[in-house]
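Close look at the chain arrangement
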Amino acid sequence: MKYTFRHAFISNNRPWHRALTLLVILLAACEPTPPGAIESPDLKEAKPGMAATDNATTRDWPTHGLNYAENRFSQLDQINDENIGDLGLVWTYSLESTRGVEATPLVVDGIMYVTAPWSIVHAIDTRTGQALWVYDPKVDRSIGYKGCCDVVNRGVALWQGKVYVGTFDGRLVALDADTGEVVWEQDTVIDHSRAYTITGAPRAFNDLVVIGNGGAEFGVRGYITAYDAATGEQKWRWFTVPGDPAQPYENAAMEAAAKTWDPSNKYWEAGGGGTVWDSMTFDPELDLLYIGTGNGSPWARNLRSPAGGDNLYLASIVALRPDTGQYVWHYQETPGDNWDYTSTQPMILADIEIDGAKRKVILHAPKNGFFFVIDRTDGSFISAENFVDVNWATGYDENGRPVEVAAARGEEPYDSIPGAFGAHNWHPMSYSPDTGLAYLPAQNIPLNLMDDKEWTFNSNLPGRPHAGLGWNLGMIANAEAPQSQPFGRLIAWDPVTQQEKWRVEHISPWNGGTLATAGNLVFQGTADGRLVAYNALTGARLWESSVGTGIVAAPVTYAVDGQQYVSVAVGWGGVYGLFQRASDKMGPGAVYTYALGGDAPLPEIAQYQIGALVAGVPYDANQVDEGMGLYVANCLFCHGVPGVDRGGNIPNLGYVNAEVLNNLGEFTFNGPDVNNGMPDFSGKLTPEQLESIKAFIQGTADAIRPE
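What comes next is a walk through the structure.

1. Concerning the side chain of S692
- Note that S692 resides in helix α10 (residues 687-704).
- By relative accessible area, which is 0% here, S692 ends up buried.
- Contacts of S692, omitting those with residues within four sequence positions, involve Q623, E626, G627 and L630.

Have a look at this one:
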């Protein structure tokens, strides 16, 4: 019987077959202060307030968000809206990588510290664009599958002569800033039987360095840890969700949180989630550390907490005492999270006037689609309005709780808007005190969700995305085709009036973070491989430069020897970038640096090579259905739908050479790409199951091949 596209994707009524139908639809869519005016902080002699001491000039970029407020607003204005047309390339530096580059470069005294995939650190002389040293933590490449969202790293922290990096395998490493040699190293992972990772940038202050971990999709318990910056000694650790109630609670905050979870399904066995995998900010005046927490494990609240409950402290902003880790307050943005609506997206601290009074606030745009203004002194709710269309809630009441749409937690498949990729993900936003606007990378990637009633912890069921690699969503994705449309856009948002001031539409989701400057400029990289400058007041496009790959990270700006520079680390990737792309260029990860009058040539960039649909591989049509379920459970979110997706930084298997499929076992069982992050499926898949996967790949290519 001829295997047809309709048979493969439409006719079968099983939820995971219908899920693939949706995936096909989804994935196919989709003048500076003169030197000497204020002394720049010296990395070797920096005082404890190093990250805040350059606020008057922002000549350096010493911490992840530029300053403790993490507003990514530079006072430099040598490059401005009148002369931006003279901006040109000065140098490029290859990061020698092919996976996602999400790092914010840090720059102090003319030296740039930037990370590449696999947590490799590069120190670069910004005057020449040449490497000073490179540190490779030698992460075991075979464990790349233990991260949900590519083998990325978002950058380093600096403190008194040291560079701190969190590694993908969960270590925190202190390096000598001059040499790149290891000073100390700590294993941050509490349980190596579970898939804990680090992809976020550490933060350093008060002689401490703090870091959180990722892994909620795999079934872990979230926490954040502080270490002595000089010695690496652990100072404190704070868990974000309660553990086994048969054991003593670590503190009063955990005891209180446990009252918001139903223990009947033993939520602690799946970890609970709440990982602190990205955002952290520090307010030295209030002496508070703010962290953003992640989604539940599993995603479905009905499965992790059947009787309901808010499930603290998931999807929350939590304030801690930085020197002790003591809980102070929290605000939960998505009570009882059911949609992977993490609150780990970047936070910005600002002082703004609301109703005639100056307020110390946190500005936050998490995944759930609402822009929040929260009083950062006590966590009290001020306002929240949706910055994209949403359908899971109609708004927030005066107490700061969402008014939910009942169907969003119903028994039937629900086209949640925004989808689990988020209305705003980790891509940094910025805020300009000059304009009073926040500049926000917004998006929608359609996704339909339904509780998976067959789920149990670590059950490897066919048709459940990456269940074969340890994912524990408790959800079936795309049981019905979603009706929402994919988009990517840049939004200028007024946090006082809670209104959009202007927007720029992009051709794809998954665009880069933003940078705002006193030159009335906003910079953003795009998924289709451009660095663009906009007028900060109007959104008018003023300048752009092509680069060799899609940009997902945020640009930075700094001054060296009286010259202002703009740099951005480029390299397509992240969870969406693994299997989708918006550019036909295929350049390696790199740092691009620009200045007025720059005239360096762009490096030569290859075009993405995609061949014809694979053909001629023999297969048994009776194995296609089984192969579909196995493919979804083991391959889908890396390789995409065969022949339908274009491939991201990982190839689409519908376009490989026929010999690859004919010899699929050579690639999947301890194959040559294990050292590039390909999982070894030895003992996870049988040769017979591999034949079914092969049948699905070739059968799908045959089904969609033009007549």
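2. Focus: the pairing of strand β22 (residues 357-364)
- In this structure, strand β21 (residues 347-354) lies alongside β22, joined through 8 bridges in antiparallel fashion. Looking at the pairing, D351 lines up with K360 of β22.
- Linking β21 back to β22 in an antiparallel pair, the connection comprises 2 residues, with D355 at a positive phi of about 55°.
- The pairing of β22 with strand β23 (residues 370-375) spans 4 bridges and is antiparallel. Across the sheet, V361 pairs through a bridge with D375, a residue of β23.
- Here β22 folds back onto β23 in antiparallel fashion, the turn holding 5 residues, of which G369 has a positive phi close to 95°.

3. Digging into the state of the cysteines
- Using the criterion set out here, one finds 1 disulfide in the structure.
- Here C148 connects covalently by a disulfide to C149, the sulfurs 2.1 Å from one another. On the sign convention where negative means left-handed, the S-S torsion of about -90° between C148 and C149 marks this disulfide as left-handed.
- The exposure class assigned to C148 is partly exposed, which follows from its relative accessible area of 22%.

4. Focus on helix α6 (residues 624-634)
- Taken across its 11 residues, α6 has 9 buried, putting it largely inside the fold.
- Taken residue by residue, α6 has V624, G627, M628, G629, L630, Y631, V632, A633 and N634 as its buried positions.

5. With respect to the pattern of salt bridges
- Under the counting rule described, the total for this entry stands at 30 salt bridges.
- R203 is paired through a salt bridge with E70; the nearest N and O atoms lie 2.8 Å apart. Separated by 133 residues along the polypeptide, R203 in strand β11 (residues 203-205) and E70 in the loop between α2 (15-29) and β1 (73-74) bring together distant segments of the chain.
- Accessibility expressed as a relative area gives 5% for R203, which makes it buried.
- By relative accessible area, E70 is classed as buried at 7%.
- The salt bridge partner of E500 is R503, with a shortest N-O separation of 2.9 Å.
- Note on E500: relative accessible area 29%, which makes it partly exposed.
- Exposure remark for R503: the relative accessible area of 39% places this residue in the partly exposed category.

6. Some words on the sheet that holds strand β3 (residues 106-108)
- Reading across the sheet, the 4 strands line up as β3-β4-β5-β6 and stay open at both edges, with antiparallel pairing between neighbours. Two strands close off the open sheet at either side, each with one partner strand: β3 and β6 (130-135). Neighbour-to-neighbour, the strand axes of this sheet turn through a mean angle of 20°, independent of strand direction.
- Examined bridge by bridge, β3 and strand β4 (residues 111-116) share 3 bridges and lie antiparallel to one another. Paired with L106 across the bridge in β4 is Y113.

7. Let's talk about the sheet that holds strand β7 (residues 157-159)
- Read from one edge of the open sheet, 4 strands run β7-β8-β9-β10, paired in antiparallel fashion. Whereas interior strands pair on both sides, the edge strands pair on one side only; in this sheet they are β7 and β10 (182-187). Ignoring strand direction, the axes of neighbouring strands in this sheet form an average angle of 20°.
- Pairing geometry for strand β8 (residues 162-166) and strand β9 (residues 171-176), over 5 bridges, is antiparallel. Residue V165 lies in a different strand from β9, and its bridge partner there is V173.

Conventions and cut-offs
Residues numbered from 1 in each chain as written. Predicted model: local features only at pLDDT ≥ 70, side-chain atom pairs only at ≥ 80, totals over all residues. Heavy atoms only, no water. Helix = DSSP H or I, 4+ residues; strand = E, 2+ residues; numbered from the N terminus. Buried < 20%, exposed > 50% of the residue type's maximum accessible area, 1.4 Å probe, protein only. Contact = heavy atoms within 4.5 Å. Pairing = 2+ DSSP bridges. Disulfide = S-S within 2.5 Å. Salt bridge = Lys/Arg side-chain N within 4 Å of Asp/Glu carboxyl O. Axes fitted to C-alpha atoms, helices over the stretch in contact; angles between N-to-C directions.

Keep in mind that these numbers describe shape and distance, not what the molecule does.
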